[in-house]
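# Report on the structure
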Amino acid sequence: GVHPGFPEFKQLVLKYKPALWLCGHIHEAYGTEKLMNTQVVNASAFDSKKGYSITLKDGVKSIEPVELKRE
């Protein structure tokens, strides 16, 4: 029930209101969610072996999950 992460990052998002916030170190929180009008993307690919393709045009146009291959 506790959301992992840094409370300071949330405060920055709420203060500056960016269209997109990218992070990736906290493996338990892989995925996307919205915080107010900011799209938050946690692309911690090590455990999930997934990432995201993000298209920007006047803000966030699309976010698509992609499978990553390891060689």
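Parameters at a glance
Residues numbered from 1 in each chain as written. Predicted model: local features only at pLDDT ≥ 70, side-chain atom pairs only at ≥ 80, totals over all residues. Heavy atoms only, no water. Buried < 20%, exposed > 50% of the residue type's maximum accessible area, 1.4 Å probe, protein only. Helix = DSSP H or I, 4+ residues; strand = E, 2+ residues; numbered from the N terminus. Pairing = 2+ DSSP bridges. Axes fitted to C-alpha atoms, helices over the stretch in contact; angles between N-to-C directions. Polar contact = N/O pair within 3.5 Å; in protein donor to acceptor, adjacent residues only side chain to side chain. Contact = heavy atoms within 4.5 Å.

## A word on helix H1 (residues 7-16)
- Along H1, only one of the ten residues are buried, which leaves the element largely exposed.
- A positive backbone phi angle near 55 degrees is found at lysine 17, which sits one or two residues after H1.

## Quick word on the sheet that holds strand E2 (residues 31-35)
- In space, the three strands of this open sheet follow the order E1-E3-E2, with mixed pairing throughout. This sheet does not close on itself; its edge strands, each paired only once, are strand E1 (20-23) and E2. Sheet twist, expressed as the average angle between the axes of neighbouring strands with direction ignored, equals 20 degrees.
- Examined bridge by bridge, E2 and strand E3 (residues 38-42) share five bridges and lie antiparallel to one another. Counted as the bridge partner of leucine 35 is threonine 38 from E3.

## Considerations on the side chain of threonine 38
- Note that threonine 38 resides in strand E3.
- Residue classification places threonine 38 among the buried positions, given a relative accessible area of 2%.
- Within the local environment of threonine 38, its side chain forms a polar contact with the backbone oxygen of proline 18, the two atoms lying 2.5 Å apart.

## Here's the deal with unusual backbone geometry
- The residue lysine 17 is not glycine, and still its phi comes out positive at about 55 degrees.
- Although it is not a glycine, aspartate 58 adopts a positive phi angle of roughly 55 degrees.
- Relative to the elements of secondary structure, aspartate 58 occurs in the loop between strand E4 (50-56) and strand E5 (60-67).

## Side note on the environment of glycine 51
- Position of glycine 51 among the secondary structure elements: in strand E4.
- Filtering out sequence-adjacent residues up to four positions away, glycine 51 remains in contact with Tyr30, Glu64, Pro65, Val66 and Leu68.

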